[in-house]
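Breakdown of the fold
Residue-level listing of the chains:
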Amino acid sequence: MSFYDEKLKIWSSDQFPPIYNPKASVGQLLLHSLKRNSSKIAEISDTYSTKYTFNDILTRSIQAANHLKACGVKKGDICSVISRNNPDLAPVMFGCFFLGATINTLDVSFDQKDLDHMLGLTEPKFIFAEEDVLVKVKVALERLELSSRIFCFSNLENIESIQNFFKNPISQEEIDDFVPTQISDTENHIGIIICSSGTTGLSKGVCLSEAVLVAQLLRAFPSISNDTILAFSSVYWITGMVTLLQGTIDGAVRINTCEPFTPEYFFKLVQKYEITRTFLTPAQIVSCLEHKDMSKANLSTLKMCMTGGSLILEDIRSRFESFLPKNAKVVTLYGMSELGACLTWNFKKIKPNSVGVLINQHSAKIIDEEGNSLSPNEKGEICIKCPYKFLGYFNNPEETKGLTDSQGWMHSGDLGYFDNDGYLFISGRKKEVIKYKNYQIAPGYIESVVQEKTGLAQICAVAVEDLKNGTDLPSVVIVRPSNFELSEKQIIEILNENLTEMKTLRGGIYFVDSLPMTPSGKVQRRIVKEIANNLYKMNKK
């Protein structure tokens, strides 16, 4: 529920306290949950055909912690994890949490430049990596002159294997007596370093405290002990981290896979494991809707599908929801990694095209270019306050200073507005604004018109640079389905009839086979912009 203060022009939520004590460490909560749900199945890997109980993971996590402690891992040490959702990931992560180490999650798809950048930024003492990224890791360490100790998830010659963590058996007495490293100040201890989305440039390291992980992240995607949950995101993404931590602490069954998302595979997993809760990006939902087997897919066990990360139109959300069982919901979320969770969700009462109302203990306001607070239904930048302080971007004080103002408001860089009922609507991103002759145009607006008037769903509006005239030209890059009948000329005519003069697509329309995506399913606007500008220049020759 969102409440509005007319005098201050600030929106606030209910002030219910977090379910879990933020003064407790993540390691304490994990230990308690793993013991509480001892005999239950905790994790099933579809890729490796493994099945582990909570007691199995507890034992393996303590073995990992003991081995790492013997290797010198201690509280505050940075450990980089570059891994898919393999069966050994949870024990490694939990072992680090037990020791109070700080975990920086990286993605296996990083190119050399991205990997060099993040390892150079955090300078980890220990690295846990999958086999196919080892060459890049070694090149990065040599370039950076770092002596990080590497552990590999596979058994290879000349490199330490994570399988060694689990070779020394431990007694029940050792399990009963195990105590995680005490963290006395959870609000200032960095639990994880999550990379920023990487859609506009090199990643930043988002530092989230143990208190934020416990108080914020563990109420992001609610689950219960009889749920079976699935997310294709690796722990590089906040959604993957939520699935791992919240699923474990809530006592749910997690279904893991190292395979990439496809509609066919998603349909298969839901039916095979009777998935009850899942997270899909808007792009993944669109892929499902466009698949030939969508109407035949058995999604009868799904109770909730969370979605977020980019704009999803009500037509797409409701169409996907129509394939789910009665009373099942597609819930839209809005948040940012810097919060450690979501700011709003469209849960109890869904309002078309909104991202919902504020979650507990958060405040928000909308400001104009001069910093003035705006009234309901007035568009501007979304600013946020949450109950726990942001610990900053790792080793990046300039970017940290730019995120939060002197009054403690976090500037999201997203544009939107609250309606009279306190529902938030996103209209675009401030940093992605297209400037045509100094008129500011939100790409999200153009994308919504394209979706609404043509039925096309996989689109990205970007600026084409007209250097001769010193301005940006609006353009769209589109994935056109094979059975789509409208020509480029017809699409332009339809859109020009429905866009104002300054928003017409002077930069052109460009058809591609697919849009470049981040591993979590977000469109990489920076790359799409390069594609559009190159095609624009070619057409001008």
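For the structure itself, look to the data block above.
Our subject in this report is the structure included herewith. (Residues numbered from 1 in each chain as written. Predicted model: local features only at pLDDT ≥ 70, side-chain atom pairs only at ≥ 80, totals over all residues. Heavy atoms only, no water.)

A look at the overall build of the chain
When you go through the chain residue by residue, the secondary structure sums to 15 helices and 27 strands. Computed over the C-alpha atoms, the radius of gyration of the chain is 24 Å, within 12% of the 24 Å expected from 2.2 N^0.38 for a compact globule of 541 residues. Projected onto its principal axes, the C-alpha positions of the chain cover 75 × 55 × 50 Å. By residue count, 59% of the 541 residues in the chain fall in the buried class. (Helix = DSSP H or I, 4+ residues; strand = E, 2+ residues; numbered from the N terminus. Rg over C-alpha atoms; globule rule 2.2 N^0.38 Å. Buried < 20%, exposed > 50% of the residue type's maximum accessible area, 1.4 Å probe, protein only.)

Section: the packing of aromatic side chains
Inspection of the entire model under this criterion finds 17 aromatic pairs. Between W11 and F418 the ring centres are 5.0 Å apart and the planes differ by 25°, which places this aromatic pair in the stacked class. Note that W11 is positioned in strand β2 (residues 10–13) and F418 in strand β21 (residues 410–418), a separation of 407 residues in sequence. The exposure class assigned to W11 is buried, which follows from its relative accessible area of 4%. Their ring planes at 75° and their centres at 5.3 Å tell us that F151 and F165 sit as a pair that is edge-to-face. Taken as a pair, F151 in strand β8 (residues 149–152) and F165 in the loop between β9 (160–161) and α6 (172–177) lie far apart in primary sequence, 14 residues in all. Note on accessibility: F151 and F165 belong to one class, buried. Three or more aromatic residues link up through ring pairs in this structure, and these residues are F126, F128, F151, F165 and F166. Above the face of the F511 ring, R480 is positioned so that its terminal group lies 4.0 Å from the ring centre. Its guanidinium or amino end placed over the ring of Y445, K503 lies 3.8 Å from that ring's centre, counting from NZ or CZ. (Phe/Tyr/Trp six-rings, centres within 6.5 Å; stacked < 30°, edge-to-face > 60°. Lys NZ or Arg CZ within 6 Å of the ring centre and 35° of its normal.)

So, the side chain of E338
Its place among the elements puts E338 in the loop between β16 (329–336) and β17 (341–345). In this structure, E338 is buried with no salt-bridge partner, the nearest side chain bearing the opposite charge being K204 at 5.3 Å. Side chain to side chain, E338 and Y393 meet in a polar contact 2.6 Å long. Contact partners of E338, with chain neighbours within four places excluded, come to V206, L208, F390, Y393, L403 and M410. (Lys, Arg positive; Asp, Glu negative; His and termini not counted. Salt bridge = Lys/Arg side-chain N within 4 Å of Asp/Glu carboxyl O. Polar contact = N/O pair within 3.5 Å; in protein donor to acceptor, adjacent residues only side chain to side chain. Contact = heavy atoms within 4.5 Å.)

Examining unusual backbone geometry
For N353, which is not a glycine, the phi torsion comes out positive at approximately 70°. Of note, N353 is situated in the loop between β17 and β18 (357–358). Positive phi, close to 65°, is recorded for Q361, a residue that is not glycine. With relative accessibility at 17%, the residue Q361 sits in the buried group.

Considerations on the environment of R36
With respect to the helices and strands, the residue R36 is situated in helix α1 (residues 26–36). For R36, a relative accessible area of 45% translates into the label partly exposed. For the pair R36 and G251, spaced 215 residues apart in sequence, the C-alpha separation works out to 8.4 Å. Non-local contacts of R36, meaning those with residues more than four positions away in its chain, are made with I249 and D250. Of note is the side chain of R36, whose polar atom sits 3.0 Å from the backbone oxygen of I249.

Focus on the packing of helix α10 (residues 282–289) against helix α11 (residues 314–322)
Taken N-terminus to C-terminus, the directions of α10 and α11 make an angle of 60°; their axes are 10 Å apart at the nearest point. As judged from the angle between their axes, α10 and α11 are oblique. Once α10 is placed against α11, the crossing between them reads as left-handed. Listed contacts from α11 to I285, V286, C288 and L289 of α10 are I316, R319 and F320. For the contact of α10 with α11, the class distribution of residues is six nonpolar, no polar and one charged. (Axes fitted to C-alpha atoms, helices over the stretch in contact; angles between N-to-C directions. Parallel < 35°, antiparallel > 145°, perpendicular 65-115°, else oblique. Left-handed = near helix turned anticlockwise from the far one by under 90°. Nonpolar A, V, L, I, M, F, W, Y, C, P; charged D, E, K, R; others polar.)

Focus: the sheet that holds β9
Here we have seven strands laid out as an open sheet, ordered β9-β8-β7-β5-β6-β10-β11, and mixed in their pairing. On the outer flanks of this sheet lie β9 and β11 (205–209), each paired with one strand and no other. Contacting β5 (78–82), β6 (102–106), β7 (126–129), β10 (190–195) and β11, helix α4 (residues 112–122) crosses the sheet at an angle of about 170° to β6. (Pairing = 2+ DSSP bridges.)

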